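# Per-entry structural report
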Amino acid sequence: DLVITVSVPALNLMITHGKDIASQAPIVFTGIPDLYIKSLDLSENITGVVAAVDYVGQLETALKTLPQTRHVVIVNGTSKVGLFLEKHFRKAFEPYTNKLNFIYLAGLPLGEITEKVKKLPDDSIVLFYLMMLDAAGESHIPVKILPNFTKTANAPVYGAFDTYFGKGIVG
């Protein structure tokens with residue numbers, strides 16, 4: 001037997017209840033941010049592939065393609081993992097705060113975020129991270145909401161994960 005988990009909630013379930021669900025089965029995870037996995041104390045029967053997010057690399061790529069950018073709009077959810085990621089991308093972007101205006105839209109329901117990205121200044125980009133839970137407590141599947149979101153936004157939307165390709169992001 002083998003248990004494969006995809007995403008943080010599934011891994012957390014197996015960490016907490018794995019012995020009751022599949023007592024002797026090894027657990028293989030995927031879709032877990034590298035910094036998050038480092039914060040866990042995993043037993044020896046748990047292994048997997050981490051998802052590394054290069055926040056600065058993503059921003060630099062966007063700035064190379066759109067050097068006139070002055071406003072960086074960050075879209076992220078309020079799930080435990082979303083908030084974990086936010087702590088790290090805020091720190092990663094600190095060196096850029098003297099030349100770019102960062103607008104964080106994590107503390108809002110998805111509908112309000114969508115309305116705000118319809119009216120961004122001309123020199124804006126959007127960095128879309130992990131919208132699994134919005135501030136209204138509504139659950140979302142990022143790849144399902146991205147096509148409508150990217151069509152609505154009046155600025156290019158860059159995504160943090162390769163699963164977002166084909167959903168309207170530009171990079």
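Calculation notes
Residues numbered from 1 in each chain as written. Predicted model: local features only at pLDDT ≥ 70, side-chain atom pairs only at ≥ 80, totals over all residues. Heavy atoms only, no water. Pairing = 2+ DSSP bridges. Helix = DSSP H or I, 4+ residues; strand = E, 2+ residues; numbered from the N terminus. Right-handed = clockwise from strand over helix to strand, strands pointing away. Phe/Tyr/Trp six-rings, centres within 6.5 Å; stacked < 30°, edge-to-face > 60°. Buried < 20%, exposed > 50% of the residue type's maximum accessible area, 1.4 Å probe, protein only. Salt bridge = Lys/Arg side-chain N within 4 Å of Asp/Glu carboxyl O. Core = buried A, V, L, I, M, F, W, Y, C linked by side-chain atoms within 4.5 Å. Axes fitted to C-alpha atoms, helices over the stretch in contact; angles between N-to-C directions. Contact = heavy atoms within 4.5 Å.

Pairing analysis gives four bridges linking strand E4 (residues 71-75) to strand E5 (residues 101-104), with the strands arranged parallel. Bridge pairing in E5 places Val72 opposite Phe102. Regarding the hand of the β-α-β motif, the stretch spanning E4, helix H4 (residues 80-93) and E5 is right-handed.

Our next topic: the packing of aromatic side chains. Applying the stated criterion across every chain yields a total of 11 aromatic pairs. With 6.1 Å between their ring centres and 35° between their planes, Phe89 and Phe93 make a pair best called tilted. Of the two residues, Phe89 and Phe93 both sit in helix H4, four residues apart, roughly one turn of that helix. Overall, the relative accessible area of 0% leaves Phe89 in the buried class. Between Phe93 and Phe102, the ring centres sit 5.2 Å apart and the planes meet at 15°, which makes this aromatic pair stacked.

Moving on to the pattern of salt bridges. For side chains bearing opposite charge, pairing can occur when the charged atoms are close. If you walk through the whole model with that rule in mind, you get two salt bridges. A salt bridge links Glu86 to Arg90; the shortest N-O distance between them is 2.8 Å. With Glu86 and Arg90 both in helix H4 and four residues apart, the pair spans about one turn of that helix. In this structure Glu86 comes out as buried when scored by relative accessible area, which is 10%. The exposure class assigned to Arg90 is partly exposed, which follows from its relative accessible area of 37%. For Glu115, the salt bridge goes to Lys118, with nearest N and O atoms at 2.8 Å. Using a relative accessible area of 38% as the deciding quantity, one classes Glu115 as partly exposed. Since its relative accessible area comes to 38%, Lys118 is described here as partly exposed.

The tendency in soluble globular proteins is for nonpolar side chains to be buried side by side. Formed by 52 residues in total, the largest nonpolar core has its most connected members in Leu59, Phe93, Val126, Leu127, Phe128, Tyr129 and Phe149. Among the elements that take part in this core, H4 stands out by supplying five residues, more than any other.

A word on the sheet that holds strand E1 (residues 3-6). Through backbone hydrogen bonds, the strands of a sheet pair up, either in parallel or in antiparallel fashion. Strand order in this open sheet of three strands is E1-E2-E3, and the pairing throughout is parallel. What marks the edges here is a single partner per strand, and that holds for E1 and strand E3 (46-51). Each strand of the sheet is rotated relative to its neighbour by a mean of 15°, with strand direction disregarded. Pairing of E1 with strand E2 (residues 27-33), which is carried by four bridges, proceeds in the parallel orientation. Considered in E2, the bridge of Val3 is made with Ile27. Where helix H1 (residues 8-21) meets the sheet, its contacts fall on E1, E2 and E3, and the angle it forms with E2 comes to roughly 140°.

For Ile125, the position within the fold is in strand E6 (residues 124-128). On the basis of relative accessibility, which here comes to 0%, the residue Ile125 falls in the buried class. Along the chain, Ile125 and Leu59 lie 66 residues apart, while their C-alpha atoms are 9.5 Å from each other. Here Ile125 is in contact with Leu59, Ala62, Leu66, Thr69, His71, Val72, Val73, Ala155, Pro156 and Tyr158, once residues within four sequence places are set aside.

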